Amino acid sequence: MYNQDLYDVLVIGAGHAGTEAALAAARMGARTMLMTMNIFTIGQMSCNPAIGGVAKGQLVRELDALGGEMGLAIDDAGIQFRMLNKSKGPAVWSPRAQADRVQYATRVRFACEQQPNLEIRQDMATGIVVRNGQITGVRTMTGSVIETRTVVLTAGTFLNGIIHVGLTNYSAGRAGEFAAKGMTESLLELGFETGRLKTGTPPRLNGRTIDFSKTESQPGDEPPPPFSFRHDKLTLEQMPCHLTYTNEETHAILRTGLDRSPMYSGRIQGVGPRYCPSIEDKITRFAERTRHQIFLEPEGRQTTEYYVNGFSTSLPEEVQVKAIHTIPGLENVQVTRTGYAVEYDYFPPTQLHPWLETKPVANLFFAGQVNGTTGYEEAAVQGFMAGVNAVLKTRGEEPFILNRSEAYIGVLIDDLVTKGTIEPYRMFTSRAEYRLLLRQDNADLRLLPHGHRLGLIDDTTHQNLQNKKRGIKETIAALRELYVRPEEINELLLAKGTPPITQNENLQKILRRPEIQLSELRGFGRLELWDQWNDKFWQNVAEQVEIEIKYAGFIEREREAIARFERLEEKKLPLSFDYHTLSALSAEAREKLNKLRPASIGQAARISGVSPADVTVLLMHLRRGFTNGAEEAGVSRETELTELEE
Ligand SMILES: Cc1cc2nc3c(=O)[nH]c(=O)nc-3n(C[C@H](O)[C@H](O)[C@H](O)COP(=O)(O)OP(=O)(O)OC[C@H]3O[C@@H](n4cnc5c(N)ncnc54)[C@H](O)[C@@H]3O)c2cc1C
């Protein structure tokens, strides 16, 4: 018997999407169930033991600012922390941390277990129950039907999952775990479209048998930069990773297995992640390269196992082992786990509204790998957004949508629901148009107020943010008012290789010079920032002040572009309008608009096949008010286009 008769939110799956969905929902006060096939795998990292990386780190920082769990969990379970891309501009700085895999999952499971309003249940969901187009319950493998007002499906790679190693394959969601049966079929009956994707993982090694003297050590940053805005500093002993390379002998051995590769022999139908290719993909697509990087990453503090990053493969087992033994440092290594590929069902995400509720069934939300994404971070942010929106739906409140100008989360979800995906989608900084403003360092300034409004960020954290905002504003203003004389500053300017000044200049202008750092201006004038320089709060203020001043021109241009973008996003389109009645639209636009049902003019404009002329027609109808039957009312394509030309 379940402890509640009716849940507000039932989350299926306790991976990265599911745990964030359940925690957010329960923290917002909803009666929540987290149902998962195996309680021991809550929060499990299926593949690499790491969180963050380029663009993914930005997602985690955003999630943290909204009140999600991932940033807190990795800070507790991390064994090495780095800020990637530090040699480039701040728009692409990205935090990444190696995790103790077991500790990470334990940490996430404990957060769920301790959470009031959240009940955890081990069971497999085999179908959903729908009445009048709206979800009412979930059927389970043990024969129960659990009543719920909303459902968030986060089944990961488990739906009809098949594992492939060489020409061998078997049903599984992940190595050592059952595939989930019944759910896809239940959704197909309700009119959902489905597709197949695949992903893969490398072998794992016993670190005791690795000769690290033949590899390059890669230490973490000191001091380790925390992921969470809610942590000031981290105190831990960091573990190094190690770098080694494949060689031509490795590639020759791998080639001997290609005829038995499930990918190349056509056994796998699903499309794999283009940007996370297997080693067999790499030696085929980049045949001219004589070596590929291999990162040896510790799986944790209390295990000797190592993850072989860069060597994802589903070639036959004996080929994997033989090829690994040709890599410097790995000549005598013991393989503890074989690499494999997994093929699974996903649901093309154009079937979703921008708040992740499905279009065919009301009150049903999808998040994570089932939407065609790959990666823990991509999954976690969707889970959070779906959990929040499920709660808002039960309360009859407006959905919570982040747009492309506010967050990478907005870019991710907008890409999915507007363009869809036919291959595993992962986040990149290049996907974001406004990446100078969507930085990892200012995610709190952008998003923390939303988290507070939703009840997921406490008052003290929010107050600290207000203080930080004030500190930044006042310091920027003070630097504009503070003038220095040539004789005070020219020695510094010349030493830094930048021209001296000939008349008094304010410090803001001096700081705009790329050669000058804010820290070098300390001591000029009396500023609170100078007095508190080593305080963590003021270090964060200084970071923002420096970026805002140095990149002021670019930032201003991006803000103007965002203002234009937001004007179109604010123009809402009706969700039930029949676009076939607008003859002034091109035939392709009519079809796509009816299928995708964009929420705004902005979203409509991003649909491929909707031209600028179509957008103008939509704008005109928005002014008039959308009414079905425009054609019968005598509005022809010719009259509309004439009106437009006028
Ligand atoms: C072999 C492999 C290799 C991967 N390689 C990479 C990679 O190289 N790079 C990368 O970024 N990502 C990789 N991933 C993907 C990454 O693991 C996922 O993107 C991420 O875990 C997705 O999170 P999720 O929450 O959507 O699903 P998952 O983490 O898969 O969690 C799904 C959860 O749902 C539960 N579940 C499933 N069906 C049911 C059901 N019917 N009833 C109850 N519970 C259910 C499962 O038990 C599990 O707890 C790989 C995954 C696998 C399996």
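All figures in this text were calculated on a predicted structure; none of them were measured in a lab. (Residues numbered from 1 in each chain as written. Predicted model: local features only at pLDDT ≥ 70, side-chain atom pairs only at ≥ 80, totals over all residues. Heavy atoms only, no water.)

### What about the site of the ligand?
Now for step 1: The local shell around the ligand holds 34 residues, among which A17, C47, A125, Q369 and G375 are the closest.
Now for step 2: Between the ligand and S46, the relevant distance is 3.1 Å, taken from an oxygen atom to a side-chain nitrogen or oxygen of the residue.
Now for step 3: Separating an oxygen atom of the ligand from a side-chain N or O atom of Q369 is a distance of 2.2 Å.
Now for step 4: Within the complex, 97% of the 980 Å² of free accessible area of the ligand lies under protein.
Now for step 5: Listing elements by their share of the shell around the ligand, those giving two or more residues are α1 (16–27), β2 (32–36), β12 (195–201), β19 (340–346) and α9 (376–395).
Now for step 6: The element that contributes the greatest number of residues to the shell around the ligand is β12, accounting for three residues. (Near = heavy atom within 4 Å. Polar contact = N/O pair within 3.5 Å; in protein donor to acceptor, adjacent residues only side chain to side chain. Areas by Shrake-Rupley, 256 points an atom, 1.4 Å probe, with all protein chains shown as cover. Helix = DSSP H or I, 4+ residues; strand = E, 2+ residues; numbered from the N terminus.)

### Considering the environment of S278
Now for step 1: Relative to the helices and strands, S278 is located in the loop between α6 (248–256) and α7 (279–285).
Now for step 2: When near neighbours in sequence (up to four residues on either side) are disregarded, S278 contacts S312 and T313. (Contact = heavy atoms within 4.5 Å.)

### Considering the environment of R149
Now for step 1: Assignment of secondary structure puts R149 in strand β9 (residues 145–153).
Now for step 2: Discounting chain neighbours no more than four positions away, the residues touching R149 are L6, Y7, D8, I135, N363 and T394.
Now for step 3: Here T394 takes part through its backbone oxygen, which lies 3.0 Å from a polar atom of the side chain of R149.

### What to know about the sheet that holds strand β16 (residues 293–298)
Hydrogen bonding along the main chain pairs the strands of a sheet, whether they run parallel or antiparallel.
Now for step 1: The strand order β14-β15-β16-β17-β13-β18 describes an open sheet built from six strands, whose pairing is antiparallel. Of all strands in the sheet, those bounded by a partner on one side alone are β14 (216–218) and β18 (335–337). Across the sheet, the axes of successive neighbouring strands diverge by a mean angle of 35°, strand direction being ignored.
Now for step 2: The pairing of strand β15 (residues 241–245) with β16 spans four bridges and is antiparallel. Across the sheet, the residue bridging to Y245 is Q293, located in β16. (Pairing = 2+ DSSP bridges. Axes fitted to C-alpha atoms, helices over the stretch in contact; angles between N-to-C directions.)

### Comments concerning the packing of α1 against helix α4 (residues 101–114)
Now for step 1: At a closest axis distance of 10 Å, the pairing of α1 and α4 adopts a crossing angle of 25°. In terms of their interaxial angle, α1 and α4 are classed as roughly parallel. The crossing of α1 and α4 is left-handed. Between α1 and α4, the residues in contact are H16, T19 and L23 and Y104, V108, A111 and C112, respectively.
Now for step 2: Looking at the contact of α1 with α4 residue by residue, the classes come out as five nonpolar, two polar and no charged. (Parallel < 35°, antiparallel > 145°, perpendicular 65-115°, else oblique. Left-handed = near helix turned anticlockwise from the far one by under 90°. Nonpolar A, V, L, I, M, F, W, Y, C, P; charged D, E, K, R; others polar.)

### Structural notes on the environment of Q466
Now for step 1: Tracing the sequence through the fold places Q466 in helix α12 (residues 459–481).
Now for step 2: Overall, the relative accessible area of 25% leaves Q466 in the partly exposed class.
Now for step 3: Taking the C-alpha atoms as reference points, Q466 and T256, 210 residues apart in sequence, are found 61 Å from one another. (Buried < 20%, exposed > 50% of the residue type's maximum accessible area, 1.4 Å probe, protein only.)

### Digging into the sheet that holds strand β10 (residues 162–165)
Now for step 1: What the four strands build is an open sheet, ordered β11-β10-β19-β12; its pairing is antiparallel. Looking along the sheet, the strands with just one partner apiece sit at the ends: β11 (168–171) and β12. Each strand axis lies, on average, 25° off the axis of its neighbour in the sheet, ignoring direction.
Now for step 2: Two strands pair when backbone bridges link them, and β10 and β11 are joined in this way by four bridges, in the antiparallel orientation. Residue pairing for β11: I163 is matched across the bridge by Y170.

### Some remarks on the domain arrangement of the protein chain
Now for step 1: If you check the domain split of the protein chain, you get domain 1 (204–340), domain 2 (459–558) and domain 3 (571–645).
Now for step 2: Centre-to-centre, using C-alpha coordinates, domain 1 lies 51 Å away from domain 3. (Domains from an automatic or database assignment.)

### Focus on helix α2 (residues 56–66)
Structurally, the α-helix is built with 3.6 residues per turn, so residues lying three or four positions apart point the same way.
Now for step 1: Counting buried positions along α2 gives 11 out of 11 residues, so the element sits mostly inside the fold.
Now for step 2: Turning to α2, its buried residues number three or more, namely K56, G57, Q58, L59, V60, R61, E62, L63, D64, A65 and L66.
Now for step 3: Phi for G67, located one or two positions after α2, is positive at around 110°.

### Quick look at a positive patch on the surface
Now for step 1: On the surface, a cluster of positive charge is contributed by R564, R567, K571 and R623.
Now for step 2: Exposure remark for R623: the relative accessible area of 68% places this residue in the exposed category. (Patch = residues over 30% accessible without salt bridge, like charges linked within 9 Å, V, L, I, M, F, W, Y side chains within 5 Å. Salt bridge = Lys/Arg side-chain N within 4 Å of Asp/Glu carboxyl O. Lys, Arg positive; Asp, Glu negative; His and termini not counted. Charge placed at Lys NZ, Arg CZ, Asp CG, Glu CD.)

### Some words on the side chain of S600
Now for step 1: Here S600 is to be found in the loop between α18 (587–596) and α19 (601–605).
Now for step 2: Beyond its immediate stretch of four places on either side in the chain, S600 contacts L568, E569, K571, K572 and L573.

### Re the packing of aromatic side chains
Now for step 1: All chains considered together, the criterion is met by eight aromatic pairs.
Now for step 2: Centre to centre, the rings of F212 and Y306 are 5.3 Å apart; their planes meet at 55°, and the pair counts as tilted. Taken together, the residues F212 in the loop between β13 (204–206) and β14 and Y306 in strand β17 (residues 305–309) connect sequence positions 94 residues apart.
Now for step 3: Classification of Y306 as buried rests on a relative accessible area of 11%.
Now for step 4: Between R289 and the ring centre of F286, over which it is positioned, the NZ or CZ distance is 4.7 Å.
Now for step 5: The side chain of R431 reaches across the aromatic face of Y425, ending 4.0 Å from its centre. (Phe/Tyr/Trp six-rings, centres within 6.5 Å; stacked < 30°, edge-to-face > 60°. Lys NZ or Arg CZ within 6 Å of the ring centre and 35° of its normal.)

### Side note on the pairing of strand β7 (residues 125–131)
Now for step 1: Two elements, β7 and strand β8 (residues 134–140), share six bridges in a ladder whose sense is antiparallel. Bridged to I128 within β8 is V138.

### A word on helix α8 (residues 317–324)
Now for step 1: Buried within α8 we find V319, Q320, A323 and I324. Buried residues of α8, viewed axially, fall in a sector of 125°; they line one side.
Now for step 2: Residues of α8 that are buried in the fold lie against β10, β13 and α6. (Arc of directions from axis to C-beta.)

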